[in-house]
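# An overview of the molecular structure
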Amino acid sequence: MKATLDQVVARLKRAKRALVVGHIRPDGDAIGSVAALTLILRKLGAEAEGCIPDRIPWFYREIQGTEILRGVEELRGRTFDTVAVLDSSDISRIGDAIDLFPDREPDVVLDHHVTNSGFGVLNLCDPGYAATAMIVHEIGKRLVPYDRDLAELLLLGIATDTGFFKYATVDERAFTVAAELTRHGARIQPIASAVLEHRTPKTIRLLVEMFRTLRLEVGGRLAYAYVSADMFRRTGCDEEETEGFVGEIRALHGVEVAILFTEWPEGEVHVSLRSKNYVDVSRVARALGGGGHPRAAGCTLHVPRLQDAVTTVVEAARAALVEAGI
Ligand SMILES: [Mn+2]
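These numbers were taken from a predicted model, which means no experiment stands behind them.

On to the coordination of the manganese ion, then. Bound to the manganese ion on the protein side are Asp29 (OD), Asp87 (OD), His112 (NE2) and Asp161 (OD), at distances that span 2.1 to 2.3 Å. Binding-site remark: the manganese ion is held by donors from one chain whose sequence spacing is D-x57-D-x24-H-x48-D. Here the residue Asp29 occupies a position in helix α2 (residues 28-43), and His112 occupies one in the loop between β5 (108-111) and β6 (122-125), the gap between them amounting to 83 residues. Exposure remark for Asp29: the relative accessible area of 0% places this residue in the buried category.

Here you go:
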């Protein structure tokens, strides 16, 4: 059912052994909001574990408080009386973490994806929030005193999901929450440094390879590029090093829709879609089995060749641009 903030707060207060889960291919909002809610529950006296069911890109580890996070294997065999799933538009997004609470629904689902179906007992899913971390902050400030780690983890979620306060989702509330977190000691500098300034020589080489594949269509309003499995092998990079690449495509002047295809391993193509002003890319992603936000969405296609995914998605994006009338 759809839940109010009061209902969620009351439910979390009852937790004794809690599990907080984020999504696969984690971003700063999943990492920050899961670690933050885990800290909040521990401050309340619960035994709480925060789980990210996938590899965490190394540079997020530079942010204090992320060391609280565990993988699925470390938590197998444990039992929990309260399960909260965060920032995940669909239960399939939590990967193997589903094994940690067999035969039951999550007790609490907190999210801001428009595509969220509300798969928990209590669902607080509001696309009006720029980040799930903002929802966790609404809960946290009703329950516990803040310290720097907690505030900084929440700021990580907000900063990364708003592209460091430059997306259309940024409103007065986003800045107000950021100011509140700053008052509690959160610093934007270490977050920006970890997330935006972590490129290595091999990542730059991969970025150059990606830009060699750049194509522009629809009068320059659609831009796309790919990173193939072969490029990953050639440069010695892995997938997490493509973080931020799609933003580089969107940064082109005049581009409305940007798409990055990453092939890893062969036969599996991850598609990141971004738009600037008009096109709802979450609809494109959803039609292809994925999900997300109007300006940032994604899906995974299982196809024999990378080019098959490119053809399918570019066709859908072109149609969405035409439909938007630009
Ligand atoms: Mn998010």
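The structure having been displayed, the exposition proceeds.
Next up on the list: the domain arrangement of the protein chain. The assigned domain composition of the protein chain is domain 1 (5-196) and domain 2 (201-323). The C-alpha centroid of domain 2 is placed 26 Å from the C-alpha centroid of domain 1. Counting residues at the interface gives 13 residues for domain 1, matched by 13 residues for domain 2. With both chains or domains summed, domain 1 and domain 2 bury close to 1100 Å², and 47% of this area falls on carbon and sulfur atoms. Looking at the side of domain 1 facing domain 2, the largest losses of area belong to Arg25, Arg55 and Thr115, adding up to 39% of the total buried there. The tally of links from domain 1 across to domain 2 stands at three salt bridges. When the shortest N-O distance is used, the salt bridge between Arg55 and Asp238 registers 3.2 Å. Here the residues of the side of domain 1 that touches domain 2 are counted per class, giving seven nonpolar, three polar and three charged.

Let us look at the pairing of strand β1 (residues 17-21). For a regular strand, the rule is simple: side chains alternate between the two faces of the sheet. Taking burial as the measure, the five residues of β1 include four buried ones, the bulk of the element. Inspection of the sheet shows β1 paired to strand β2 (residues 47-51) by five bridges, in the parallel sense. Each bridged residue has a counterpart across the sheet, and for Ala18 the counterpart in β2 is Ala48. Taken together, β1, α2 and β2 form a β-α-β motif whose crossover is right-handed.

Following the sequence through the fold, Glu240 ends up in the loop between α9 (229-235) and α10 (245-250). On the accessibility criterion, Glu240 (17% relative accessible area) is buried. Reaching out from Glu240, the side chain makes a polar contact with the backbone nitrogen of Trp58 at a distance of 3.4 Å. Excluding anything up to four places from it in sequence, Glu240 contacts Arg55, Ile56, Pro57, Trp58 and Phe59.

All right, on to the pattern of salt bridges then. If you walk through the whole model with that rule in mind, you get 21 salt bridges. Two residues, Glu49 and Arg42, come together in a salt bridge whose shortest N-O distance is 3.4 Å. Under the relative-accessibility criterion, Arg42 is labelled partly exposed at 36%. For the salt bridge of Lys43 with Asp147, the shortest nitrogen-to-oxygen distance reads 3.0 Å. With Lys43 in helix α2 and Asp147 in the loop between α4 (132-143) and α5 (148-161), this pair connects stretches of sequence that are 104 residues apart. The exposure class of Lys43 is partly exposed, given its relative accessible area of 34%. Taking the relative accessible area as the measure of exposure, Asp147 reaches 31% and is therefore partly exposed.

With an omega of -15 degrees, the peptide bond running from Trp264 to Pro265 counts as cis. For Pro265, the position within the fold is in the loop between β9 (257-263) and β10 (268-275). In this model, Arg25 sits at a positive phi of 45 degrees, which is unusual for a non-glycine residue. Positionally, Arg25 belongs in the loop between β1 and α2.

Turning our attention to the environment of Leu12. Tracing the chain through its elements places Leu12 in helix α1 (residues 5-13). Residue class for Leu12 comes out buried when judged on its relative accessible area of 1%. On a C-alpha basis, the gap between Leu12 and Ile40 in space is 9.7 Å, while along the polypeptide they are 28 residues apart. Dropping the residues within four chain positions of it, Leu12 is found in contact with Leu37, Leu41, Leu44, Thr82, Val108 and Ile139.

With that out of the way, let us pick up the environment of Arg199. On the secondary structure map, Arg199 appears in the loop between α7 (188-196) and α8 (201-212). Overall, the relative accessible area of 32% leaves Arg199 in the partly exposed class. Once the C-alpha coordinates of Arg199 and Glu243 are considered, the two residues, 44 residues apart in sequence, prove to be 9.6 Å apart. Residues contacting Arg199, with those up to four places away along its chain left out, are Ile204, Leu207, Glu243, Gly244, Phe245 and Glu248. A distance of 3.2 Å separates the side chain of Arg199 from the side chain of Glu248, its partner in a polar contact.

Calculation rules
Residues numbered from 1 in each chain as written. Predicted model: local features only at pLDDT ≥ 70, side-chain atom pairs only at ≥ 80, totals over all residues. Heavy atoms only, no water. Donors = N, O, S within 2.8 Å, 3.2 Å for Na, K, Ca; no water. Helix = DSSP H or I, 4+ residues; strand = E, 2+ residues; numbered from the N terminus. Buried < 20%, exposed > 50% of the residue type's maximum accessible area, 1.4 Å probe, protein only. Domains from an automatic or database assignment. Contact = heavy atoms within 4.5 Å. Buried area = accessible area lost by both parts, 1.4 Å probe. Salt bridge = Lys/Arg side-chain N within 4 Å of Asp/Glu carboxyl O. Nonpolar A, V, L, I, M, F, W, Y, C, P; charged D, E, K, R; others polar. Pairing = 2+ DSSP bridges. Right-handed = clockwise from strand over helix to strand, strands pointing away. Polar contact = N/O pair within 3.5 Å; in protein donor to acceptor, adjacent residues only side chain to side chain.

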